[in-house]
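# Structural characterization, general
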Amino acid sequence: MLYLLSILLDRLLAPPPQASKVAWLKGVTYAHRGLHGPGLPENALSAFAAAIEAGFGIECDVQRSSDGQAMVFHDWELDRLTAETGLVIERSAAKLAQIRIIGNDQDMIPTLRDLLDLVAGRVPLLIEVKTRPSTRIPAICLAVRRMLEGYRGPVAVMSFDPRVSRWFARHSSHIVRGLVMSEEGSRTLFARTRRHMMLWRAQPDFLAYDITDMPSRFAGAQRRRGFPVLTWTVNTPDLMDRALKHGDGPIAEGAGISKAARS
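All figures in this text were calculated on a predicted structure; none of them were measured in a lab. (Residues numbered from 1 in each chain as written. Predicted model: local features only at pLDDT ≥ 70, side-chain atom pairs only at ≥ 80, totals over all residues. Heavy atoms only, no water.)

## Regarding the packing of aromatic side chains
Here the structure, examined in full by the defined rule, presents three aromatic pairs. Between F160 and W232, the ring centres sit 5.5 Å apart and the planes meet at 80°, which makes this aromatic pair edge-to-face. Here W232 lies in strand 8 (residues 229–234) and F160 lies in the loop between strand 5 (155–159) and helix 7 (162–171), a separation of 72 residues in the sequence. With relative accessibility at 39%, the residue F160 sits in the partly exposed group. Here the aromatic rings of Y209 and F218 are separated by 6.3 Å at their centres, their planes lie at 25°, and the arrangement is stacked. Each of the two residues, Y209 as well as F218, counts as buried. (Phe/Tyr/Trp six-rings, centres within 6.5 Å; stacked < 30°, edge-to-face > 60°. Helix = DSSP H or I, 4+ residues; strand = E, 2+ residues; numbered from the N terminus. Buried < 20%, exposed > 50% of the residue type's maximum accessible area, 1.4 Å probe, protein only.)

## Some points on unusual backbone geometry
Here M214 and P215 are connected by a cis peptide whose omega angle stands at 0°. By the secondary structure assignment, P215 is in the loop between strand 7 (206–210) and helix 9 (217–225). You will see that Q203, though not glycine, has its phi angle at about 50°, which is positive. Examined against the element boundaries, Q203 turns out to sit in the loop between helix 8 (189–202) and strand 7. A relative accessible area of 28% places Q203 in the partly exposed class.

## Side note on the environment of P110
Residue placement: P110 occurs in the loop between helix 4 (93–96) and helix 5 (112–119). Along the backbone, P110 and K95 are 15 residues apart, and their C-alpha atoms lie at a distance of 11 Å. Contact partners of P110, with chain neighbours within four places excluded, come to N43, L45, M71, V72 and I101. (Contact = heavy atoms within 4.5 Å.)

## Observations regarding the packing of helix 7 against helix 8
Across the interface, helix 7 lies against helix 8 with an axial gap of 7 Å and an inter-helix angle of 30°. Here helix 7 is positioned roughly parallel relative to helix 8, judged by the angle of their axes. Counted together, P162, R163, S165, R166 and A169 of helix 7 and M198, W200, R201 and A202 of helix 8 form the full contact between these two elements. Looking at the contact of helix 7 with helix 8, its residues break down into five nonpolar, one polar and three charged. (Axes fitted to C-alpha atoms, helices over the stretch in contact; angles between N-to-C directions. Parallel < 35°, antiparallel > 145°, perpendicular 65-115°, else oblique. Nonpolar A, V, L, I, M, F, W, Y, C, P; charged D, E, K, R; others polar.)

Put into structure tokens, the structure is as follows:
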């Protein structure tokens with residue numbers, strides 16, 4: 001009974017997108033944080049350039065600088081990826097752009113504008129918006145939207161935080177938006193209900209699903225309704241096989257994307 005109710009509520013509160021809006025998401029392998037490896041740091045322009053050269057789509061991470069600019073960087077702290085310490089949000093965009101990323105002397109922390117100028121519509125781009133409970137959602141979403149104004153090329157925003165997709169649904173519905181999800185090994189009634197509630201709140205155009213959860217009853221049901229289901233992080237050949245069987249586009253790295261390159 002509860003399952004049937006959730007299906008009805010899905011149809012009412014989270015209708016699927018128009019197929020033409022999201023068709024470009026499918027059949028693409030996305031390089032997770034760029035095609036990174038030795039000499040090509042993650043979320044660096046060199047790794048993104050390598051992905052473009054290899055014909056892969058790109059997935060990147062974005063967060064705000066202290067002066068409200070969208071910066072391409074995964075960790076909240078600078079410590080792991082640079083010789084600096086402290087929080088990204090405590091530095092201005094200008095100061096962040098002067099920080100070298102470990103692994104390549106030429107790579108500095110890029111702005112989202114730097115990445116968009118590099119890609120220039122040549123490959124599909126997924127922008128994961130990083131948030132925490134204290135994140136000012138309108139501020140980070142506006143920072144991303146400002147950079148996307150006038151951009152010509154297949155691009156989507158996505159986040160684990162349903163507030164991000166919801167913001168774009170309300171204020172920039174023409175931009176493709178996604179909800180990143182992980183079941184975290186929990187398939188209880190409470191967990192299943194929570195997944196539906198996140199979907200209703202986010203009102204996304206697609207899902208980006210944890211590959212370790214696949215096949216998933218929830219993801220499969222949404223896929224059949226018309227939601228593309230991308231999968232992350234596909235980092236082994238076996239996971240690539242699973243991604244191709246149960247999803248529409250792997251977000252891959254390491255041995256996973258190496259297999260895609262050989263195929």
